[in-house]
Amino acid sequence: MINVVWVVLLVGGLLVAAAGGTLPEVTQAAMTAAGKGVEVALGFVGIMTLWLGMARIAERSGLMQQLADLLAPVLRRLFPEVPHDTPALGNMSMNLVANMLGMGSAATPFGLKAMQDLRSLQDPSDATASSSMITFIALNTAALNLVPASVIALRVAAGSRSPADIVGPTIMATAAAMMVAVVADRWYRWRQPSPRARGKSPRPPQSPPGRPAAPP
Amino acid sequence: MLNVVDGISIWAVPILLGIIPVYGLLRGVPVYEVFVEGAEEGFKMAVMMIPFIVGILVALSVFEASGALDWVIARLAGPLSLVGVPAPVVPLMLVRPISGGAALGIATGLLQKYGPDSFVGRVASTLQSSTDTTFYVLTLYFGSVSIRRTRYALKVALLGDLAGFVAAVVICHALWG
């Protein structure tokens, strides 16, 4: 589906640009965006380095395990296939908790680390998302938001008399989003089990022969 | 309430930065060495994301710069206002899953123009804080571990967004409509 969305965005935009005679501007925008993509990624280096270092300490000291134990009853049900002795559950817990508290910059590195942990549970040459990865991303994008700090700051800046009165609605709306995402995820999991979970039948070769495996 | 929220936003990160090393030290972990060891991965991970982020940002910017996004917004404003979505909020709804920066810009504009305590301002605030930049998160998370086939991930994530939008509008109508 991401393939279709990508092509629609790209080709749809190009067609509209061609029709409207704005092709040069749009081409320029595409080139600028490519450079910006690199900037965004490199902009992550500092924060990622800091939090991945912290994450390693939390992991080694057992702090992460404690947090994971706290959320374990929920996470075990959502991720039955993830072994309990991997740091995956701990990193996911850290990510979800940081997200709930509105700490995006702290949440992302833990989330990326969790993805790495989940990735290590599958064949390195397999570039297909595992069901646990999808469940985690669904939880992450529809995460319960208890402290919408940035929007409250925006409201204060705009001169609101009651900047925090959107906290209640936000908690309710994100709870609804989370519930729907979890239910939808369960449904798709059941409808489209991952190739690995389908049984003992060997997986058909998915990449054309001669193509090098994905880099680790 | 505001003080509590403010307090959490100001203190959460420094507390984490303090508690994690102190706890590690108390548990006998060579904290600095372990920190450096974990931190080494930061650069590698960021570099690995580049192709995925460039791919999505280029497509999004083409869609936006060409005017295609405005066209879609114009088509959807009518039908959405029938179901209770205030027309000025429609662009925010459509942009929110795609571009965090653009959504923040639109939300700021709405708050300035209509006032943060108006109905539009409250719906915009709730929408902005209720959902995430889904496309970006998907690209980033899958990109960082070189996953190319994402199966039903986008569908599930967008269903969650939709539920968040609907809930935000319904709740705002119930409270302030």
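Rules used throughout
Residues numbered from 1 in each chain as written. Chains lettered and ligands numbered in written order. Predicted model: local features only at pLDDT ≥ 70, side-chain atom pairs only at ≥ 80, totals over all residues. Heavy atoms only, no water. Helix = DSSP H or I, 4+ residues; strand = E, 2+ residues; numbered from the N terminus. Rg over C-alpha atoms; globule rule 2.2 N^0.38 Å. Buried < 20%, exposed > 50% of the residue type's maximum accessible area, 1.4 Å probe, protein only. Contact = heavy atoms within 4.5 Å. Areas by Shrake-Rupley, 256 points an atom, 1.4 Å probe, with all protein chains shown as cover. Phe/Tyr/Trp six-rings, centres within 6.5 Å; stacked < 30°, edge-to-face > 60°. Buried area = accessible area lost by both parts, 1.4 Å probe. Salt bridge = Lys/Arg side-chain N within 4 Å of Asp/Glu carboxyl O. Nonpolar A, V, L, I, M, F, W, Y, C, P; charged D, E, K, R; others polar. Axes fitted to C-alpha atoms, helices over the stretch in contact; angles between N-to-C directions. Left-handed = near helix turned anticlockwise from the far one by under 90°. Arc of directions from axis to C-beta. Core = buried A, V, L, I, M, F, W, Y, C linked by side-chain atoms within 4.5 Å.

Trainee: I'd like to hear about the overall build of chain B, residue by residue, with values.
Mentor: Check the secondary structure of chain B and you find nine helices and zero strands. From first element to last, N terminus to C terminus, chain B shows the α and β order α-α-α-α-α-α-α-α-α. A globule of 177 residues ought to have a C-alpha radius of gyration of about 16 Å, yet chain B, at 20 Å, is considerably larger. Seen through its principal axes, chain B has C-alpha atoms that stretch 60 × 45 × 30 Å. Across the 177 residues of chain B, 53% fall into the buried class. A fraction of 63% describes how many contacts in chain B between residues 6 or more apart in sequence connect residues 24 or more apart.

Trainee: Could you give me a rundown of the overall build of chain A, with the residues and numbers involved?
Mentor: Secondary structure assignment for chain A yields eight helices and zero strands. Reading chain A from its N end, one meets helices and strands in the order α-α-α-α-α-α-α-α. Evaluated residue by residue, chain A yields a buried proportion of 49% over its 216 residues. Considering only residue pairs separated by 6 or more positions, chain A has 62% of its internal contacts joining residues 24 or more positions apart. Accessible surface, chain A as shown: approximately 10200 Å² in total, 67% of it carbon and sulfur.

Trainee: Got a sec to walk through the packing of aromatic side chains? Specific residues and values, please.
Mentor: Aromatic rings in a pair are described by how distant their centres are and how their planes are angled relative to each other. Enumeration according to the criterion identifies four aromatic pairs over all chains in this entry. Aromatic side chains F136(A) and Y141(B) sit 6.1 Å apart centroid to centroid with 35° between the ring planes, which places their arrangement in the tilted category. On the criterion of chain membership, the pair formed by F136(A) in helix α6 (residues 131-141) and Y141(B) in helix α8 (residues 134-144) is interchain, its members lying in two chains. The exposure classification of F136(A) matches that of Y141(B), with both residues buried. A centroid spacing of 6.4 Å and a plane angle of 20° characterise the contact between Y32(B) and F35(B), whose relative ring orientation is stacked. Here F35(B) and Y32(B) lie together in helix α2 (residues 31-39), a separation of three residues that amounts to about one turn.

Trainee: Account for the interface of chain A and chain B, naming residues and giving values.
Mentor: Taken together, the contact pairs 106 residues of chain A with 92 residues of chain B. Both sides of the chain A and chain B interface together cover about 8700 Å² of buried area, and 75% of this is carbon and sulfur. On inspection of chain A and its partner chain B, the count reaches six salt bridges. Notably, a salt bridge pairs E37(B) with R60(A), separated by 2.8 Å at the nearest N-O pair. Every element with two or more residues in the side of chain A that touches chain B is listed here: α1 (2-20), α2 (23-61), α3 (63-78), α4 (88-100), α5 (104-119), α6, α7 (149-157) and α8 (167-191) of chain A. With 25 residues, the single largest contributor to the side of chain A that touches chain B is α2(A). Counted by class, the side of chain A that touches chain B contains 66 nonpolar, 28 polar and 12 charged residues.

Trainee: Give a description of the packing of α6(A) against α8(B) that names residues and reports values.
Mentor: At a closest axis distance of 10 Å, the pairing of α6(A) and α8(B) adopts a crossing angle of 145°. In this structure, α6(A) crosses over α8(B), and the sense of that crossing is right-handed. Counted together, M133(A), I134(A), F136(A), I137(A), N140(A) and T141(A) of α6(A) and T134(B), V137(B), L138(B), Y141(B) and F142(B) of α8(B) form the full contact between these two elements. Tallied by class, the residues present in the contact of α6(A) with α8(B) amount to eight nonpolar, three polar and no charged.

Trainee: For the side chain of T134(B), give the residues involved together with the corresponding values.
Mentor: Here T134(B) lies in helix α8. Ignoring sequence-local partners within four residues, the contact set of T134(B) consists of T141(A), P97(B), A157(B), L158(B) and D161(B).

Trainee: Can you lay out α2(B) for me, pointing to particular residues and giving the numbers?
Mentor: Residue and element names in this part refer to chain B. The set of residues buried in α2 consists of V31, V34, F35, G38 and A39. The arc that holds every buried residue of α2, seen down its axis, measures 130°, which confines them to one face. Every exposed residue of α2 that faces more than 90 degrees away from the buried side is listed here: Y32 and E33.

Trainee: Now, about the nonpolar core: what can you tell me, with residues and values included?
Mentor: Counting residues in each nonpolar core, the largest one holds 91 residues, and the members touching the most others are F79(A), M92(A), M115(A), F136(A), L127(B), Y141(B) and F142(B). No other element matches helix α3 (residues 41-65) of chain B, which puts 13 residues into this core. Among all residues touching F142(B), those that are not within four sequence positions of it are M115(A), A129(A), M133(A), I134(A), I137(A), I147(B), T150(B) and A153(B). W51(A), V31(B), V34(B) and F35(B) belong to the second-largest nonpolar core, a separate cluster that totals 20 residues.

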